[in-house]
Amino acid sequence: MRRLWINIVKGFLNLLLVFLITTAVIYFLARLFPGDTITVLYGEVNSLQDGRRILEAKLGLDIPLYIQLISFWQKILVGDWGISIFAGKPVFDLVFQRYVNSLMLSFTATLTTTAVCILLAYLSFTRRCRRLTTLVASISTSIPAALWGVMLMVALVLAKVSIPFGSIIMPLITLTIAGVGVFYTILKSLIDEALSEPFMAFYRAMGLTKSRLFLKALRYALPMYITAVLYRMGLIIAGAVATETIFNYPGMGKLLIDAFASRDYPVLLGWAVIISLTLAALNITGDVMQDILDPRVRELM
Amino acid sequence: MFFFALGCGEKVPRTGAYVAVGIVIAFLLGLGAGFLFGRGGVTTVTVPTTVTHTVERTVTFTPPILQQYTSPQPTAPTTATQAQLLQNITLKVAMSTDIRALDIHFAMGVADFEVLGKVYEALFKIAWDGSKLAYVPGLVKSYSQLNETAWLFILRNNVVFHNGKKLTAEDVKYSLLRSIRLSGIGKQLLTDAAGNPIITDIVIANETAFILKLSAPFTPLFENLAHLSTAIMPKEIALKYWDGPITSIEDVIGTGPFRLVSYEKGAKVVLQRFDGYWGNRPNVKTLEYLIMPDASARMSAVISGVVDVAVGISPDMVEALRSQGIEVYRAPGVRLVLVAINCKRVLDVRIRQALNYAVNKEDVVKEFMRGYAEIATSVASPTFPNVVSLKPYTYNVTKARQLLEEAGFVGKKLTLLTSTRSPKDIQLAQVIQQYLKNVGIEVEIVQMEHTAFLKRVFTDHDFDLAIYGPSPSSLYYALTYWRTGASLNGPEYSNPEYDKLLDEIATEPSEVKRVELYRKAQEILWRDAPAIWLYFEDILIAARPGIKGLQVLPFQMLIVDNVYV
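The model shown is predicted, which means the values in this text are computed figures rather than measured ones. (Residues numbered from 1 in each chain as written. Chains lettered and ligands numbered in written order. Predicted model: local features only at pLDDT ≥ 70, side-chain atom pairs only at ≥ 80, totals over all residues. Heavy atoms only, no water.)

J.: What am I meant to see in the overall build of chain B here?
T.: Scanning chain B from N- to C-terminus turns up 17 helices and 23 strands. Out of the 565 residues in chain B, the part that is buried amounts to 62%. When contacts within chain B are restricted to residue pairs at least 6 apart in sequence, long-range pairs at least 24 apart make up 72% of them. Just so you have it, chain B exposes about 19,800 Å², and 54% of that area is on carbon and sulfur atoms. (Helix = DSSP H or I, 4+ residues; strand = E, 2+ residues; numbered from the N terminus. Buried < 20%, exposed > 50% of the residue type's maximum accessible area, 1.4 Å probe, protein only. Contact = heavy atoms within 4.5 Å. Areas by Shrake-Rupley, 256 points an atom, 1.4 Å probe, with all protein chains shown as cover.)

This is how it looks when you write it as structure tokens:
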């Protein structure tokens, strides 16, 4: 029990460290990038020295960078995420709404991608339509998600179907199509690997049906597959920028781009906080899942 | 059960490093992708535009020095008949960029003026008859000149704000003061070359009458007061946000035909018809702006009927849209696309002229813009009063080479800065690169994120050549961009004779003489060539065929006043 607690504390400290480092890196990067909030506000009209000073003082941009960062940390620990410079709303509300959207997109896209992949893998396993599955996989991998989005859109326009901008459907389809290729390839190679293991030969000798055999192989492939999928989930939560932009989906990617383009530092930091925590959490989940699903890892501990 | 121990013992440091690196990579990837996809349309660097509503009548408006003007009687008789015919249309418009701020005094880009220009009004407004712009009274009913430096204004007495309060001279006073204090453009418009305010005092005579006292005679006063950056808001709001931009949508209160109902950053802005509007009320009841940075998404949206109107249509989309039965409106634009030449680095005027001769503007307009632009033969849009057409720099490689040789500018290299906000600018940079290569100048193209670009060009002046396109609201304002030390003077052009002419224009009471001074100033600027003068971009708007009566101002602003279905 004692070791468990030590590990929990360690994990927590680890999380804190990750959070401090990421927010610091992102804040310094954003601030060192040429142009600031006031450049955005005043655009090309810049001779306004008083205007700049008034605003800098108001936004707290006139104090040294590291103090700004420290005061941000202090505030965030008591739950004060600050207020967006442009939207005028609390950062937490803004970021949280987007976060939920991205989380939803990420989960559903992962589910649909996995479902399609398993279907394809099964088809290929039963040696049916092998050409088709390979074709689907190679087409899917050869075109990036953004382009898939545009192609989908053009197809819908030609079919005179009204495009649901702002809804989850289009980004979901796009990300599924774009994801299938890579994950099918991963899953297939894992299943092929399983098939070459002696235990599969044993099952075969036992006379298991094809579908039972497939399930066994799938079970073997699962831990590795999940690690791969979790990585992509993290990326989508952090922002599927291109897809979100094309279909006007209010996710974390658009939030990041908008916040950066308008140098809305509080929002940018809010993004960094929530994403760093999510990625850390996903990483831990990955480890935990690995432990649950793969008995060998468990024994090693 | 060991695996519940978060972090799993010795794995801790690795996990941390992994996540940190992952986030940085994700961040950078995000940025990269943003540059690739997070922009769209033809809209690029937009130096202040001004816009108000046009009236359906041709106004020949001579700058009213020493004369009295009373605007035509308000539209009371028509409202009765109009009320019966009023339709309740919901108009959805796809826009390429989000609004920058909720505050009209911080408005800068096309989107800001498009949206907030429907919510706010200024003392004067800009009228458009299809070929020329004119500056006519807006919230002001009448005015008269008291002496050389004092003007008396009377406000319309039936104007109410969206919060139901009546417009008074107090509101005007604090709005103007706030504009001069906070608004970048407001300050440009209402301060002189030395940075001193032009309006020294605003004296309130009664509820609807006030006197503007000026530091010196200032002839472009009315055209500058027509700029929306000097728009009027209630006194309480002006004072509440005395030090910074308006941040709450409840405080976005103007006198315009529409009021702001909701704003979802990066997604949409919704306006609702204001029933207490003093002028003619439009048929459009709900005006929804959807923000769609992706050009093909805007195109798809208008074709599939998700939106009724799409702005920021690029010339190469026109054919595809028309073939799908979409109407494409075209109007001359005030945005002058140019390649600024840093005058501190390219000192010799012969080199700058040579660069102008080296570019074939006819071909650029014909091929690159597909004819949807007008070759610049003036330093500001010919739609402004007093703009003169000047002797074009006709494409001539031999002459360009000869001038470069005379100036000893051979085998040199220049950098050309562009903003990544518009794909069109980057393509244009490549075209320019080719032309300059033909006359022996190596050009290196440097692309920059938009805000960084603005800082580099207008604050640091660290560039040789830069592509952007100012859209001024009047000829005088356009000319002040090039005044010594002006903040919009990116290339740091400086000519004392030119500066002196601008001062004379501001104080010259005789109109005949002023026209002559305007001509001289334009000739000097054109000759000194602080930029490669390229073209005036046409404004292209796509609309579904059912939408009738849509009009477009040269500032890329929609006029929905007469829209019906």
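Moving on from the model shown.
J.: I would appreciate a short explanation of the overall build of chain A in the present structure.
T.: Each helix and strand counted, chain A has 14 helices and zero strands in total. Sequence-ordered secondary structure for chain A, helices as α and strands as β, is α-α-α-α-α-α-α-α-α-α-α-α-α-α. By the burial criterion, 51% of the 301 residues in chain A qualify as buried. When the accessible surface of chain A is summed, it comes to about 13,900 Å², and 71% of that surface belongs to carbon and sulfur atoms. The centroid of the 26 positive side-chain charges in chain A is displaced by 12 Å from the centroid of its 17 negative side-chain charges. (Lys, Arg positive; Asp, Glu negative; His and termini not counted. Charge placed at Lys NZ, Arg CZ, Asp CG, Glu CD.)

J.: Help me out: how do you make sense of the nonpolar core in this one?
T.: Note on soluble globular proteins: their nonpolar side chains tend to be buried together. L123, F153, W533 and Y535 of chain B are the most contacted members of the largest nonpolar core, which totals 166 residues. In this structure W533 of chain B touches L336, V337, L338, N356, K361, A376, V379, Y393, W482, L525 and W526 of chain B, once residues within four positions along its chain are discounted. One finds I26, Y42, A87 and Y99 of chain A within the second-largest nonpolar core, a separate group that totals 48 residues. (Core = buried A, V, L, I, M, F, W, Y, C linked by side-chain atoms within 4.5 Å.)

J.: Looking at this structure, I do not really get the side chain of D499 of chain B. What am I missing?
T.: Mapped onto the secondary structure, D499 of chain B falls in helix 16 (residues 496–507). Here D499 of chain B is in contact with R483 and T484 of chain B, once residues within four sequence places are set aside.

J.: Would you take a moment to explain the pairing of strand 6 (residues 140–147) of chain B for this structure?
T.: The side chains of a regular strand alternate between both faces of the sheet. All names here are of chain B. Bridge count between strand 6 and strand 7 (residues 150–155): six bridges; the pairing is antiparallel. Note that in strand 7 the partner of N147 across the bridge is A150. What sits between the antiparallel neighbours strand 6 and strand 7 is a turn of two residues. (Pairing = 2+ DSSP bridges.)

J.: What should I look at first to understand the sheet that holds strand 14 (residues 327–331) of chain B in this one?
T.: Residue and element names in this part refer to chain B. Taken together, seven strands build an open sheet; the order of strands is 10-11-12-3-13-21-14 and the sheet is mixed. Only two strands of the sheet have a single neighbouring strand rather than two, namely strand 10 (258–264) and strand 14. With five bridges connecting them, strand 14 and strand 21 (residues 539–543) associate as antiparallel partners. What sits directly across from V328, in strand 21, is A542.

J.: Please explain unusual backbone geometry as it appears in this structure.
T.: Glycine aside, residues mostly have negative phi, and peptide bonds are mostly found in the trans state. For R263 of chain A, which is not glycine, the phi dihedral falls at a positive 50 degrees. Tracing the sequence through the fold places R263 of chain A in the loop between helix 12 (252–261) and helix 13 (265–293). The exposure class assigned to R263 of chain A is buried, which follows from its relative accessible area of 1%. With phi around 45 degrees, A529 of chain B is a residue other than glycine that occupies positive phi space. Secondary-structure assignment places A529 of chain B in the loop between helix 17 (511–528) and strand 20 (531–537).

J.: Would you explain the pattern of salt bridges in this entry?
T.: Side-chain pairs of opposite charge can arise where the charged atoms are in close proximity. Residues and elements named next belong to chain B. Throughout the structure, instances matching the rule amount to 29 salt bridges over all chains. Ionic pairing is found between R273 and D275, a salt bridge with its closest N-O pair at 3.5 Å. With relative accessibility at 49%, the residue D275 sits in the partly exposed group. As a salt-bridge pair, D503 and R483 come within 3.0 Å of each other at their nearest N and O atoms. One end of the pair, D503, is in helix 16; the other, R483, is in the loop between helix 15 (475–480) and helix 16, with 20 residues separating them in the sequence. (Salt bridge = Lys/Arg side-chain N within 4 Å of Asp/Glu carboxyl O.)

J.: Is there a simple way to explain the packing of aromatic side chains in this structure?
T.: Each aromatic ring pair is specified by the distance between its two centres and by the angle formed by the two planes. Residues and elements named next belong to chain B. Evaluation of the coordinates by the stated rule reveals 29 aromatic pairs over all chains. Measuring from ring centre to ring centre gives 5.7 Å for F124 and Y143, while their planes differ by 50 degrees; the resulting arrangement is tilted. Of this pair, F124 sits in strand 4 (residues 124–128) while Y143 is found in strand 6, placing the two residues 19 residues apart along the sequence. With respect to class, F124 is no different from Y143; both count as buried. (Phe/Tyr/Trp six-rings, centres within 6.5 Å; stacked < 30°, edge-to-face > 60°.)

J.: How should I be thinking about the environment of I257 of chain A in this particular structure?
T.: Along the chain, I257 of chain A falls in helix 12. Through-space distance from the C-alpha of I257 of chain A to that of T245 of chain A is 9.5 Å; in sequence the pair is twelve residues apart.

J.: In this structure, what is going on with helix 12 (residues 397–406) of chain B? I would like to understand it.
T.: Note on helix geometry: an α-helix contains 3.6 residues per turn, so any two residues three or four positions apart are oriented the same way. All names here are of chain B. Along helix 12, the residues that are buried comprise A400, L403 and L404. Viewed end-on, helix 12 has its buried residues packed into an arc of 100 degrees, placing them on one side of the element. Along helix 12, the residues that are exposed and aim more than 90 degrees away from the buried face are T398 and E405. Buried-residue contacts for helix 12 involve helix 10 (349–358). Where helix 12 starts, the residue carrying a side-chain oxygen 3.3 Å from the main-chain nitrogen of T398 turns out to be N396. Taken from the residues just after helix 12, G408 is the one with a positive phi, measuring 70 degrees. (Arc of directions from axis to C-beta. Polar contact = N/O pair within 3.5 Å; in protein donor to acceptor, adjacent residues only side chain to side chain.)

J.: Hey, could you run me through a positive patch on the surface in this one?
T.: Residues and elements named next belong to chain A. A cluster of basic residues, R127, R128, R130, R204 and K210, forms a positive patch on the protein surface. Relative to the elements of secondary structure, K210 occurs in helix 10 (residues 210–239). A relative accessible area of 44% means that K210 is categorised as partly exposed. (Patch = residues over 30% accessible without salt bridge, like charges linked within 9 Å, V, L, I, M, F, W, Y side chains within 5 Å.)

J.: Is there a simple way to think about helix 4 (residues 169–182) of chain B in this case?
T.: In this model helix 4 of chain B runs 20 Å from its N-terminal to its C-terminal C-alpha over 14 residues, within 8% of the 20 Å that 1.5 Å per residue would give. Taken together, the buried positions of helix 4 of chain B are occupied by A169, D171, V172, S175, L176, R178, S179, I180 and L182 of chain B. (Expected span 1.5 Å × (residues − 1).)

J.: How should I be thinking about a nonpolar patch on the surface in this particular structure?
T.: Residue and element names in this part refer to chain A. A contiguous nonpolar patch, built from F28, L32, I63, Y66, I67 and I70 and spanning about 560 Å² of accessible area, is present on the exposed surface. Elements that contribute at least two residues to the nonpolar patch include exactly helix 1 (2–32) and helix 4 (65–77). A total of three residues in the nonpolar patch trace back to one element, the largest contributor, which is helix 4. Among the structural elements, I63 can be located in the loop between helix 3 (49–59) and helix 4. I63 sits in the partly exposed class, given a relative accessible area of 40%.

J.: Please clarify how the packing of helix 11 (residues 361–368) of chain B against helix 13 (residues 423–438) of chain B should be interpreted in this entry.
T.: Each packed pair of helices is defined by two parameters, the angle between the axes and the distance between the axes. Residues and elements named next belong to chain B. One way to put it is that helix 11 packs onto helix 13 with a least axis distance of 12 Å and a crossing angle of 140 degrees. In this structure, helix 11 meets helix 13 at a crossing whose hand is right-handed. Contact residues: helix 11 offers D363, V364 and F368, while helix 13 offers K424, Q427, L428, V431 and Y435. Of the residues in the contact of helix 11 with helix 13, the class split is five nonpolar, one polar and two charged. (Axes fitted to C-alpha atoms, helices over the stretch in contact; angles between N-to-C directions. Left-handed = near helix turned anticlockwise from the far one by under 90°. Nonpolar A, V, L, I, M, F, W, Y, C, P; charged D, E, K, R; others polar.)

J.: What am I meant to see in the environment of G485 of chain B here?
T.: By secondary structure assignment, the location of G485 of chain B is in the loop between helix 15 and helix 16. With a relative accessible area of 68%, G485 of chain B lands in the exposed category.

J.: Looking at this structure, I do not really get the packing of helix 5 (residues 91–125) of chain A against helix 13 of chain A. What am I missing?
T.: Residue and element names in this part refer to chain A. In contact at an axis separation of 9 Å, helix 5 and helix 13 are set at 45 degrees when each is read in the N-to-C sense. One element, helix 5, and the other, helix 13, form an angle in the oblique class. Two packed elements cross with a definite hand, and for helix 5 against helix 13 that hand is right-handed. Touching V91, L94, V95 and Y99 of helix 5 are P266, V267, G270, W271, I274 and T278, all from helix 13. Of the residues contributing to the contact of helix 5 with helix 13, the split by class is eight nonpolar, two polar and no charged. (Parallel < 35°, antiparallel > 145°, perpendicular 65-115°, else oblique.)

J.: Explain the pairing of strand 10 of chain B to me, please; I cannot follow it from the model alone.
T.: All names here are of chain B. Examined bridge by bridge, strand 10 and strand 11 (residues 268–273) share six bridges and lie antiparallel to one another. In the sheet register, L260 faces strand 11, and the bridge partner there is L271. Taking the residues between adjacent antiparallel strands as the criterion, strand 10 and strand 11 are bridged by three residues, where G266 takes a positive phi near 80 degrees.

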